[in-house]
There are 2 protein chains.
Amino acid sequence: MQVPFDREEVQALIHRHNLDVAKASIREMNQLVNALETNFATKFIRMEFGIPGLKAAEVARRADARALLEGDVAHRYAPFEGIPELKQAASQFAKAYMYLDIPPHCIVPTVGSMHGCYIAMGLAGHCVPSRQNILFLDPGFPVNKLQAKSWELGTVSLDLKDFRGDALAAEVDRLCQTHAIGGCLWSSPNNPSWVVLTESELKALAEVLTKNQVIAIEDMAYFGMDFRHDYSVPFQAPFQPTIARYTDQVFIVFSSSKLFSYAGQRCGLTFIPPTFATQAYPHLQQRFYKPQMLDAFIHGGIYPTTAGVPQGPQWGLTALLEATVRGDLNPFQEVREYERRAHLMKKAFLDHGFYLVYDSDQGMPLADGFYFTFAYPEMTGAELVQELLHFGISAITLDVTGSHYTQGLRACVSLTDTSQIETLRHRLQCFQQTHPRRKP
Amino acid sequence: MQVPFDREEVQALIHRHNLDVAKASIREMNQLVNALETNFATKFIRMEFGIPGLKAAEVARRADARALLEGDVAHRYAPFEGIPELKQAASQFAKAYMYLDIPPHCIVPTVGSMHGCYIAMGLAGHCVPSRQNILFLDPGFPVNKLQAKSWELGTVSLDLKDFRGDALAAEVDRLCQTHAIGGCLWSSPNNPSWVVLTESELKALAEVLTKNQVIAIEDMAYFGMDFRHDYSVPFQAPFQPTIARYTDQVFIVFSSSKLFSYAGQRCGLTFIPPTFATQAYPHLQQRFYKPQMLDAFIHGGIYPTTAGVPQGPQWGLTALLEATVRGDLNPFQEVREYERRAHLMKKAFLDHGFYLVYDSDQGMPLADGFYFTFAYPEMTGAELVQELLHFGISAITLDVTGSHYTQGLRACVSLTDTSQIETLRHRLQCFQQTHPRRKP
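What you are looking at is a predicted structure, and each value in this text was computed from that prediction instead of being measured. (Residues numbered from 1 in each chain as written. Chains lettered and ligands numbered in written order. Predicted model: local features only at pLDDT ≥ 70, side-chain atom pairs only at ≥ 80, totals over all residues.)

Notes on the environment of M114 of chain B
Here is step 1: Position of M114 of chain B among the secondary structure elements: in helix α5 (residues 112-126).
Here is step 2: Taking the C-alpha atoms as reference points, M114 of chain B and E201 of chain B, separated by 87 residues in sequence, lie 25 Å from one another.
Here is step 3: Sequence-distant contacts of M114 of chain B, defined by excluding residues within four places in its chain, comprise T306 and A307 of chain A together with V143 of chain B. (Helix = DSSP H or I, 4+ residues; strand = E, 2+ residues; numbered from the N terminus. Contact = placed C-beta atoms within 7 Å.)

Dropping the structure here:
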């Protein structure tokens, strides 16, 4: 099918989905694009959904299946705190790739890292009654804001495009002092700007968070995916940067969806440094059943929501962590496929009149990774996301990511393999011809 | 090892676990009993934990494993609303065993039925701001109260020993009018009393709940397990009683842990009648992202907590539901093993001076099932639970189940197979000799 598609047909479909595409969530956009693909019998360049484009390693799928078929797990409730084998493997993994000493009992499996974020945010926002706001280092994953709403917590936001280096900690300090902040959440590499906080930024951030007694929630959804560094050699520097090197008051939330492409089985991990694990907040007792942080996470967080994580997936993740530390698997190398895709896709956009919104990483060139952000001259993000649909390209607006730069869109590279780059370039060329502009 | 065990050693172990056994949660008791078993090198008669004592059917484990090994599911996020195959099978199951028409899109998989209860309670307690209390028809599953706390909802309780038949609806009506109730939760068969609400009670209950605009949360953890009736023939009466026959304002929360012994894979279902699914509550928008009940359940409940249910377990449950409706599997017959165990265990207690706390079902003899409740003359529940530990028998107090009758304990029959009945009888005999009493 020729692009652009018929405008009235596209409008009719958007109308039928009852959607404001500028505000559409990832999943809503996903459903709309499915409908457009069917209607126009055309495969879109799908950049709206941060789904892994690689397959889960066989070692995970086999271990998961073996536990079910040969093990004695399907009829037994999993321990809330996770199976000992997974906790042990995760502790080794933390040492190998973050160089942190976190004992097994301080690591809790969750139903996806989302579940870990949910509980961590609930705890950070309710441990001191006078500090019920969460500070987001934006842009970010839209659902985290929804999680804050679910806990009835307020949200405060700064934009990483405006505050990096020394300015970052200074602004966080200012906001903590003026906005009753209980927790501070970010992902690094950042979804969607792909900027990465440096060790010195993390150190300064740790200092102001500690000073203001604010709990850090470090979302490691993209663990090891700053491809400018090789984090793949276990027990050997460089290590994945983490604020836990500079403060104990942190929940490190780890996802197996991106590094291990194990998204479908929903098994994440939350690491809680031992001194933080035993820290008591009397106010937690009321809502989380226990005053100590680790107890509250397990008995007041995991227990009432899901009563643990399905057993098979825990065995799958155990196998992945063990094989990686042992050197039988190198997921860090495998996910470099996303680096290649990002490189080609960014170039396609830049060659056709687009520009990057988050365009530098403290003066360094931005790494190529899972996401990038882009805009087009003289168009708002809302106009752009809608217009691109006519050219068979889907994304979400930066608006829904909490970015303060609403002219742009977020692109996820994962589903576009290199064989589709020519199609992408052709569609962008058509777009540019339809909308001739000079770069600003 | 001879019972009673050495009193000082038992005390020391309780002390080391820092436990008040009268208030201990199921899992805390579980850990203590593990330690006692190790210390005294003696297998306990373990009645504290409602874990299935049967194995999950092979059809489930094979389907789950096959999806992982042959399917394309491990790396793909599951749809939040559940995989279509499971929703379809669940709709058929609802028709076959409850004789309800619930279309697939109104059935949502959850991470265990606990997850369904958690979300349902959050919705029922927050859809109208002036009705933030949950009414529990007690006794019940202790964690449900913890879920209410987690949502910062108040709890109101009536005891099913005091109100049955016409009196039940009358008391519920009175409480709804005086206590700002948003939702009403119960399980039937009831954990732990094993009383079962009749069709006429459900009908009257539906009327007063509807009149007071209170949402029902019907916990079907023990679906089909009132063994006085044969519910096992699909599409043929008698059907599992449900309040959904008399009101649409209900979340039916289904567990695969007991009927299917699939507890380890944490996959439950919530059924939402279609007219309730589209009912809009403006206040839900704020905390659950969407005003309509089904949308709010999925986008404001499932999404922020776990972003869906692991894929493998969904395929496992799909296979179980399909095989059952097709007649290849009869889980209703298999779980009758619990009926046999309950019969023998209750008799053992009654023969040795104990009595049942919840001793009749509206004048009918109580069914034999997964739980029963018992007490001993002139002992409180706290004294009894602690004393029985010296005789190698573990349970939890009725106090933690919200029962108003705190002299008793809850016994779960699932882990005691018939080969252990003689051991149980011997230990109860020793207990009785140590504590000679007359029945009251």
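A word on the relation of the copies chain A and chain B
Here is step 1: Superposing chain A onto chain B takes a rotation of 180 degrees plus a shift of 0.0 Å along the axis, which leaves an RMSD of 0.0 Å. The relationship between the two copies is best expressed as a two-fold rotation axis. Taking C-alpha positions as the reference, the residue of chain A nearest the rotation axis is A65 of chain A, at 2.2 Å.
Here is step 2: Of the residues that chain A buries at the interface, 100% are likewise interface residues in chain B, meaning the two copies contact each other through the same surface. (Least-squares fit on C-alpha atoms with pLDDT ≥ 70 in both.)

Side note on the nonpolar core
Here is step 1: M121 and I217 of chain A together with M121 and I217 of chain B are the most contacted members of the largest nonpolar core, which has 306 residues in total.
Here is step 2: In contact with M121 of chain B, not counting residues within four places along its chain, are I134, Q147, A148, W151, L153, G183, L185 and I217 of chain B. (Core = buried A, V, L, I, M, F, W, Y, C linked by C-beta atoms within 7 Å. Buried ≥ 20, exposed ≤ 12 C-beta atoms within 10 Å, placed from the backbone.)

Here we look at the interface of chain A and chain B
Here is step 1: Residue-level contacts link 50 residues of chain A with 50 residues of chain B.
Here is step 2: Elements supplying a minimum of two residues to the side of chain A that touches chain B: α3 (58-69), α5 (112-126), α6 (142-150), α10 (284-288), α11 (293-305) and α12 (311-326) of chain A.
Here is step 3: Of the residues forming the side of chain A that touches chain B, the biggest block, 6 residues, is contributed by α3 of chain A.

Focus: the packing of helix α4 (residues 84-98) of chain A against α12 of chain A
Residues and elements named next belong to chain A.
Here is step 1: At a minimum axis distance of 9 Å, the contact between α4 and α12 shows a crossing angle of 35 degrees. Classified by chirality, the crossing of α12 by α4 is left-handed. Mapping the contact onto sequence places E85, L86, A89, A90, Q92, F93 and A96 in α4 and Q314, L317, T318, L321, E322, T324 and V325 in α12.
Here is step 2: Its residues placed into classes, the contact of α4 with α12 shows 8 nonpolar, 4 polar and 2 charged. (Axes fitted to C-alpha atoms, helices over the stretch in contact; angles between N-to-C directions. Left-handed = near helix turned anticlockwise from the far one by under 90°. Nonpolar A, V, L, I, M, F, W, Y, C, P; charged D, E, K, R; others polar.)

Some points on the sheet that holds strand β13 (residues 409-412) of chain A
Strand pairing in a sheet relies on backbone hydrogen bonds. The paired strands run either parallel or antiparallel.
Residues and elements named next belong to chain A.
Here is step 1: Reading across from one edge, β9-β10-β13-β12 is the order of the 4 strands in this open sheet, with antiparallel pairing throughout. Of all the strands in the sheet, just β9 (355-356) and β12 (396-397) have a single pairing partner and so form its edges.
Here is step 2: Relative to strand β10 (residues 371-375), β9 runs antiparallel, the two sharing 2 bridges. Counted as the bridge partner of Y355 is A375 from β10. (Pairing = 2+ DSSP bridges.)

Structural notes on the domain arrangement of chain A
A common way to express how large an interface is: the accessible area buried when the components associate.
All names here are of chain A.
Here is step 1: Domain parsing of chain A yields domain 1 (7-54 + 334-434) and domain 2 (58-326).
Here is step 2: Each of domain 1 and domain 2 has a C-alpha centre, and these two points are 28 Å apart.
Here is step 3: Elements that contribute at least two residues to the side of domain 1 that touches domain 2 include exactly α14 (336-351) and β10.
Here is step 4: Looking at the side of domain 1 that touches domain 2, the element that brings in the most residues is β10, giving 3 residues.
Here is step 5: Here the residues of the side of domain 1 that touches domain 2 are counted per class, giving 14 nonpolar, 9 polar and 5 charged. (Domains from an automatic or database assignment.)

Some words on the confidence of the model for chain A
Here is step 1: With 99% of its residues at a pLDDT of 70 or more, chain A shows a mean pLDDT of 95.
Here is step 2: The ipTM for the predicted assembly is 0.95, set against a pTM of 0.96. (pLDDT = per-residue confidence, 0-100.)

Focus: the environment of L424 of chain A
Residues and elements named next belong to chain A.
Here is step 1: Position of L424 among the secondary structure elements: in helix α16 (residues 421-434).
Here is step 2: Using a count of 20 C-beta atoms within 10 Å as the deciding quantity, one classes L424 as buried.
Here is step 3: For the pair L424 and D101, spaced 323 residues apart in sequence, the C-alpha separation works out to 45 Å.
Here is step 4: If we skip the residues at most four places from it in the chain, L424 touches I45, M345, A348 and T416.

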